[in-house]
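Now for the letters of each chain:
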Amino acid sequence: MFEVAVIEDPAAAEVSLDPVRTRLLAELAGGAASATMLAAKVGLPRQKVNYHLKALERHGLVELVEERKKGNVTERVMRATAASFVISPTALAAVAPDPARSPDQLSARWLLALASRMVRDVGELITGAAKARKRVATFAIDGQVRFASAADRAAFAEELAGAVTALVAKYHDETAEGGRDHRVVVAVHPSVAARPASSGPVHVHAAADGPVQGDPVHDGPLQGGAFQGGAQGL
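Figured I'd write up the structure that's included with this text. Only a predicted model underlies this, so the values are computations on that prediction, with no experimental measurement involved. (Residues numbered from 1 in each chain as written. Predicted model: local features only at pLDDT ≥ 70, side-chain atom pairs only at ≥ 80, totals over all residues. Heavy atoms only, no water.)

**Structural notes on the layout of surface pockets**
The computed volume of the second largest pocket comes to approximately 760 Å³. Around the second largest pocket sit 28 residues that line it, and Phe 2, Val 4, Ala 5, Val 6 and Ile 126 are the ones nearest its centre. Contributions of two or more residues to the lining of the second largest pocket are made by strand E1 (2–7), strand E5 (82–87) and helix H5 (108–132). Per-element accounting of the lining of the second largest pocket gives the leading share, eight residues, to H5. (1 Å grid on protein atoms, 1.4 Å probe; cavity = no way out; pocket = protein on both sides within 12 Å on 5 of 7 lines; lining within 4 Å. Points joined across faces, edges and corners; volume = space filled by probe spheres on them. Helix = DSSP H or I, 4+ residues; strand = E, 2+ residues; numbered from the N terminus.)

Shown next, in the form of C-alpha cells:
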C-alpha cells in the first residue's frame, strides 16, 4: 500500500467522489476487510457494498488481498491501494488552472494555480517512477513564522525572493551536459491550522525523496536561471 496515490483518470476521480465509496476507501485504508465486514460498518447490504467495491477495484483504488472459502461462498478480502488519495488537476484537464495565464506573485489564485500544477506534475512523476520502480528526487520545506506587521511580511518576502534568486543564479547551468531541469516554487500564505501558543522561533521541516538516478524527467527549466515563486497575502 502506498502512503499517497494520485488519481489522474477522470472516471476514477468520479468513482472516488461518491460518498459511499469514499467511506469504503477510508475503511479499507485502515485495514483489509470483506464486503460482509464492511456492510456492518457502513450500514448497507452486503450486495450493495460488493457493487461499490467492484467499481473501486476496476479503477485501481482497491485491490484483492485474499479469498476465503466459507461453505459454498468465496469471500473476497480487499484493501485500499493507498492510505490516502489526491485527485490530480489532470482529471479536469480542460479546466485545470494555468499559472502562465496571469502570473501575479501577490495573487492567492495564482498561488493556487501553482499548487495545482505541482500536484499534476508530481503526480505524473510518481506514476512514472512507480512503473519504472524508482523514486523521484524531490525536496520540500514546510515551516511557520509569525510576522509582527505587514511591513515585516513584505520585507521577508523580498529577502526570501532575493535569496532564492541568488541560489538559482549560483547553481543554474544552462549548458551542463547531462544536467537535470528542476522546478522551484516558494510560497508564503496565512496559516489555516491553529498555531501553538508558544511564541518561539520558526520551525522548519524539510523532506527529500531521493536523490536517485533515472527518475522521470522533471517539468520545465528555470529559464535563464530566473527564480519562479509565489509570495501571497502581502
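**What about a nonpolar patch on the surface?**
Side chains of Val 4, Val 86 and Val 119 sit close together on the surface and give an oily, nonpolar patch of about 180 Å² of accessible area. For Val 4, the location among the structural elements is in strand E1. (Patch = residues over 30% accessible without salt bridge, like charges linked within 9 Å, V, L, I, M, F, W, Y side chains within 5 Å. Areas by Shrake-Rupley, 256 points an atom, 1.4 Å probe, with all protein chains shown as cover. Salt bridge = Lys/Arg side-chain N within 4 Å of Asp/Glu carboxyl O.)

**Quick look at the side chain of Ser 34**
Within the secondary structure, Ser 34 is located in strand E2 (residues 33–34). Among the residues examined, Ser 34 registers a relative accessible area of 0% and is labelled buried. A polar side-chain atom of Ser 34 sits 3.1 Å from a polar atom in the side chain of Glu 75. Apart from the residues within four sequence positions on either side, Ser 34 is in contact with Glu 75, Arg 76 and Val 77. (Buried < 20%, exposed > 50% of the residue type's maximum accessible area, 1.4 Å probe, protein only. Polar contact = N/O pair within 3.5 Å; in protein donor to acceptor, adjacent residues only side chain to side chain. Contact = heavy atoms within 4.5 Å.)

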